[in-house]
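Spelled out from the first residue to the last, the chains are:
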Amino acid sequence: MRPIARQHVPHNPVIGEIARAHAETPAQVMLRWHLQQNRQVIPKSVTPSRIAENFDVVDVALTADRLTAIDRLDTGVRGGPAPEDVTRQNFGVDIPQA
């Protein structure tokens, strides 16, 4: 089995710098980046404060330079596990099959 490689995008220094500049969280910056590129975003949280943060991205606008900086983070390598590695053994829960 291949090792499960994960990139922790919220901890990326580029995302962190943009978040600090806007006084936002890294998650908010990532949500805003998606929204400004007209992508559908379905954030998940059960924590009331994080749910409120997810809604609080409409007043933030990332500049073209910042959007480009985030775009450049794409390495062409999957950030999460490969689909075949998503198993009960690796994640401790049953994974529904489509």
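The rules we used
Residues numbered from 1 in each chain as written. Predicted model: local features only at pLDDT ≥ 70, side-chain atom pairs only at ≥ 80, totals over all residues. Heavy atoms only, no water. UniProt positions renumbered as here; feature names shortened; annotations may be inferred. Phe/Tyr/Trp six-rings, centres within 6.5 Å; stacked < 30°, edge-to-face > 60°. Lys NZ or Arg CZ within 6 Å of the ring centre and 35° of its normal. 1 Å grid on protein atoms, 1.4 Å probe; cavity = no way out; pocket = protein on both sides within 12 Å on 5 of 7 lines; lining within 4 Å. Points joined across faces, edges and corners; volume = space filled by probe spheres on them. Helix = DSSP H or I, 4+ residues; strand = E, 2+ residues; numbered from the N terminus. Polar contact = N/O pair within 3.5 Å; in protein donor to acceptor, adjacent residues only side chain to side chain. Buried < 20%, exposed > 50% of the residue type's maximum accessible area, 1.4 Å probe, protein only. Contact = heavy atoms within 4.5 Å. pLDDT = per-residue confidence, 0-100.

An unreviewed UniProt entry annotates the protein as Diketogulonate reductase-like aldo/keto reductase originating from Streptomonospora salina. Database annotation for the protein, UniProt heading Sequence similarities (unreviewed entry): "Belongs to the aldo/keto reductase family."

Attention now goes to the packing of aromatic side chains. In this description, a pair of aromatic rings is defined by centroid distance and the angle of the planes. Here the structure, examined in full by the defined rule, presents zero aromatic pairs. Stacked on the ring of tryptophan 33, the Lys or Arg arginine 39 has its end atom at 4.6 Å from the ring centre.

By volume, the second largest pocket amounts to about 210 Å³. For the second largest pocket, the full set of lining residues is Thr25, Ala27, Pro43, Lys44, Ser45, Val46, Thr47, Arg50, Glu53 and Asn54. With three residues, helix α3 (residues 48-55) is the largest single contributor of residues to the lining of the second largest pocket.

The next thing to look at is the side chain of glutamine 28. Mapped onto the secondary structure, glutamine 28 falls in helix α2 (residues 26-36). A polar side-chain atom of glutamine 28 sits 2.8 Å from the main-chain amide nitrogen of threonine 25.

Listed as buried for α2 are Gln28, Val29, Leu31, Arg32 and Trp33. Tucked into the core, α2 has its buried residues touching α1 (13-22), α3 and α4 (64-71). Asparagine 38, located one to two residues past α2, shows a positive phi value of around 55°.

Right, let's get into the confidence of the model for the protein. Of all residues in the protein, 88% have pLDDT values of 70 or greater, and the mean over the chain is 85. Averaged pLDDT values for the elements of the protein fall to 82 in helix α5 (residues 88-91) and rise to 96 in α4.

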